[in-house]
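Structural overview for review
So the chains spell out like this:
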Amino acid sequence: MIRPIKLRRKRVVIDIDTQREFFLADGDSCIRNHRRVLMNIRRVLAWSRVKNMRVISTTLFKPGRNGDSFNSPGWQKISYTLRSKRIEFIPDDSTDLQRDLFTRYDQVILDKRTADPFEEPRADRLLSELHADEMIVIGGLAEGAVAATVLGLLQRGKRVTVLIDAVGTQDRQKADVAFRKMKAKGALLAETRDYAGTTHLRSTGLCDCKLCRLEEKLPATVGA
Ligand SMILES: [Zn+2]
């Protein structure tokens, strides 16, 4: 019999594919409103660190022509989504996991070959066996990996909250359909400030596109 992997802490952050490729303006597949989404992601990660919550991250592993693009800059995780005590698993067909994973590490990074983490044996096992009171989802893309992850978790009976303003999308219409489907299947849709409060930061700290640089110079908008 398989013993479930239990988290003493009630909430866990599920951080989906927060890689430079999707979230920075110079990435080939940059999301819409990347500045706003990045600020919210940064806020959620800072909050999770203060609350000592564990983080499960997935990253898309895209082997290049030489099988080497895993380490290329575009596929690296956004720096503030990394915790110092972390362990990363590259994709293989093993389901091995240490029992004391969340005692020894604050963050587990699961690399995937496909958008859907449940097609990856180790990620499937960890996400299926994990018992937490609430899984808080951020990342991207809403119409891709986020939808696949959230619907898979709901199917497995997990309680899932999606922070919709900390989720990136490329196609607004498809994302709206995906969010409606997640909600219909039982996900709670919330905003970053409902959980992590608001931020006074003016900078994404990472992206130097025209928009990010311009916004940093403007005074903070009341209520924005
Ligand atoms: Zn930018």
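Coordinates for the structure precede this section.
Here goes a summary of the coordinates provided. (Residues numbered from 1 in each chain as written. Predicted model: local features only at pLDDT ≥ 70, side-chain atom pairs only at ≥ 80, totals over all residues. Heavy atoms only, no water.)

We now examine the coordination of the zinc ion. Protein coordination at the zinc ion: the donors are His34 (NE2), Cys207 (SG), Cys209 (SG) and Cys212 (SG), at 2.1 to 2.3 Å from the metal. The site at the zinc ion holds four donor atoms, and with the angles between them running 99 to 120 degrees, its shape is tetrahedral. Coordination of the zinc ion draws on donor residues from a single chain, spaced H-x172-C-x1-C-x2-C in sequence. One end of the pair, His34, is in helix α2 (residues 34-50); the other, Cys212, is in helix α8 (residues 210-217), with 178 residues separating them in the sequence. Overall, Cys212 belongs to the buried group, its relative accessible area being 0%. (Donors = N, O, S within 2.8 Å, 3.2 Å for Na, K, Ca; no water. Tetrahedral: all angles 85-135°; square planar, octahedral: opposite > 155°, others 65-115°. Helix = DSSP H or I, 4+ residues; strand = E, 2+ residues; numbered from the N terminus. Buried < 20%, exposed > 50% of the residue type's maximum accessible area, 1.4 Å probe, protein only.)

Here the focus is the pairing of strand β4 (residues 86-89). Of the two faces of β4, the one holding Ile87 and Phe89 is buried and the one holding Arg86 and Glu88 is not buried anywhere. The sheet contact formed by β4 and strand β5 (residues 107-112) spans four bridges and is parallel. The residue bridging Phe89 from the neighbouring strand is Leu110, located in β5. (Pairing = 2+ DSSP bridges.)

This next bit is on the sheet that holds strand β3 (residues 54-60). The parallel open sheet is built from seven strands, whose spatial order is β4-β5-β3-β2-β7-β8-β9. A strand with exactly one partner marks an edge of an open sheet, and here the two such strands are β4 and β9 (188-190). With direction set aside, neighbouring strand axes in the sheet form an average angle of 20 degrees. The sheet contact formed by strand β8 (residues 160-168) and β9 spans three bridges and is parallel. (Axes fitted to C-alpha atoms, helices over the stretch in contact; angles between N-to-C directions.)

On to the nonpolar core. Soluble globular proteins tend to bury their nonpolar side chains together. If you look at the biggest cluster of nonpolar residues, it comprises 35 residues, and the most contacted ones within it are Ile56, Leu101, Val150, Val162 and Met182. Among the elements that line this core, the one with the most residues is helix α5 (residues 142-155), at seven residues. Leave out the neighbours within four places in its chain, and Ile56 touches Val12, Val13, Ile14, Asp15, Phe102, Val108, Leu110, Leu126, Leu127 and Leu130. Formed by 28 residues, the second largest nonpolar core is a distinct cluster that contains Phe22, Leu24, Val55 and Ala196. (Core = buried A, V, L, I, M, F, W, Y, C linked by side-chain atoms within 4.5 Å. Contact = heavy atoms within 4.5 Å.)

By relative accessible area, His34 is classed as buried at 8%. With 170 residues separating them along the chain, His34 and Thr204 place their C-alpha atoms 9.3 Å apart. Excluding its chain neighbours within four sequence positions, the residues that come into contact with His34 are Phe23, Ala25, Cys207, Cys209, Leu211 and Cys212.

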